[in-house]
Amino acid sequence: MIHLEEIALEVGKVAKETGKFISSNRASLSQASIETKGTHNYVTTIDKQAEQRIVEALSVIFSDAGFITEEETIQNEIREYNWIIDPLDGTTNFIHDVPVVSVSIALVHKNRPIIGAIYEIGRDELFLAWDNGPALLNGKEIRVTKQDNLNESLLATGFPYYDYGLMDPYLKLFRHLMENSRGLRRLGSAAADMAYVACGRFEAFYEYGLHPWDVAAGTVIIRQAGGVVTDFNNGESFMESKRLLATNGAVHEAMLNAIEQYFR
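Read on for an overview of the structure. Not measured: the values here are computed from a predicted model. (Residues numbered from 1 in each chain as written. Predicted model: local features only at pLDDT ≥ 70, side-chain atom pairs only at ≥ 80, totals over all residues. Heavy atoms only, no water.)

**Let's talk about helix α6 (residues 212–224)**
Note that an α-helix has 3.6 residues per turn; residues three or four places apart therefore point the same way.
Right, on to step 1. Between its first and last C-alpha, α6 extends 18 Å over 13 residues, near the 18 Å set by a 1.5 Å rise per residue.
Right, on to step 2. In α6, a bend of some 25 degrees at G218 exceeds every other bend along the element.
Right, on to step 3. Burial of α6 is extensive: 11 of the 13 residues sit out of reach of the surface.
Right, on to step 4. Within the span of α6, buried status applies to W213, D214, V215, A216, A217, G218, T219, V220, I221, I222 and Q224.
Right, on to step 5. Where α6 ends, the next residue or the one after it, G226, has phi of about 100 degrees, a positive value. (Helix = DSSP H or I, 4+ residues; strand = E, 2+ residues; numbered from the N terminus. Expected span 1.5 Å × (residues − 1). Bend = angle between axes of the 7 residues up to and from the residue. Buried < 20%, exposed > 50% of the residue type's maximum accessible area, 1.4 Å probe, protein only.)

What follows is the structure, encoded as structure tokens:
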């Protein structure tokens, strides 16, 4: 038996400390420190250094867990428990000095997220949750909204940057939701998008092409805040299918119905 609350509180400290490290090193970022991992997919030396710091700290907090990391600074070793880490979610924002940048850390048990910490650096906001516990923003409990009318909802999404094979249905869905909601926002950090659903700033967030490190932490936070996270078919395969819908629960069916019209 592991004590999730105790571990979660320590993970929150690691996320925030890492965010402060990233922020304090922003001025040292240069073109020479930016690498290309793929089409429109970038990593900086600060991403890698931040990940190494997180791995070192988490190895002390819960040494029995393996690691799944975006920047692969440590060899992945899948175990019963695993840390899933995105040291700097929003690297393109970071490179261009756009302020929405997040640190995302999750603990999963047999692929089920049970602890989530997201530190949104620009607003100095730490979102934290653990299984059977509350969802917190800077130590205060948060809940999703109760808005059940999609037309009165503010939505968030992300734009594809490498997988353009679904652009046609994506753009049709985008237009449909533009016409049937208060509007759509694109922050550039899926972790921040999910955190904002949890605290009631958005009613829903959807995107395809996401990776486990983009969504694992946010999943715990939204669910413990009273929201719902599924794939586009209302199932649990969002980390495998890379198709995620996260909502306040009240507009989940309406969002699924909209998605179903364009994604089969």
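**Re the environment of S189**
Right, on to step 1. Assignment of secondary structure puts S189 in the loop between β11 (183–185) and α5 (190–198).
Right, on to step 2. Here the alpha-carbon distance between S189 and Y262, two residues 73 residues apart in the chain, equals 24 Å.
Right, on to step 3. Not counting the four nearest positions on each side in its chain, S189 is found in contact with D89, V100 and S102.
Right, on to step 4. A polar contact is formed between the side chain of S189 and the side chain of D89, at a distance of 2.8 Å. (Contact = heavy atoms within 4.5 Å. Polar contact = N/O pair within 3.5 Å; in protein donor to acceptor, adjacent residues only side chain to side chain.)

**Focus on the sheet that holds strand β13 (residues 228–230)**
Right, on to step 1. Spatially, the 5 strands line up as an open sheet ordered β11-β10-β12-β14-β13, and their pairing is mixed. Each edge of the open sheet is held by one strand with a lone partner, namely β11 and β13. With strand direction ignored, the average angle separating the axes of adjacent strands in the sheet is 20 degrees.
Right, on to step 2. Both strand β10 (residues 154–157) and strand β12 (residues 204–208) contribute to a ladder of 3 bridges, which runs parallel. Bridge pairing in β12 links T157 to Y206.
Right, on to step 3. In this fold helix α4 (residues 167–179) packs onto β10, β11 and β12, with an angle of close to 165 degrees to the strand it touches most, β12.
Right, on to step 4. Strands β10, β12, β13 and β14 (243–247) of the sheet are contacted by α5, whose axis makes an angle of about 155 degrees with β12. (Pairing = 2+ DSSP bridges. Axes fitted to C-alpha atoms, helices over the stretch in contact; angles between N-to-C directions.)

**Quick look at the nonpolar core**
Right, on to step 1. Core analysis: the biggest nonpolar cluster contains 39 residues, and F127, I142, M194, F205, I221 and L244 have the highest contact counts within it.
Right, on to step 2. Those elements that provide at least two residues to this core are β5 (102–109), β7 (125–130), β8 (135–137), α5, α6, α7 (238–241) and β14.
Right, on to step 3. Other than its neighbours up to four places away in sequence, I221 contacts G116, A117, I118, F127, L128, A129, A135, I142 and A198.
Right, on to step 4. Judged by nonpolar contacts, the second largest core, of 37 residues, contains V11, F62, V101 and W130. (Core = buried A, V, L, I, M, F, W, Y, C linked by side-chain atoms within 4.5 Å.)

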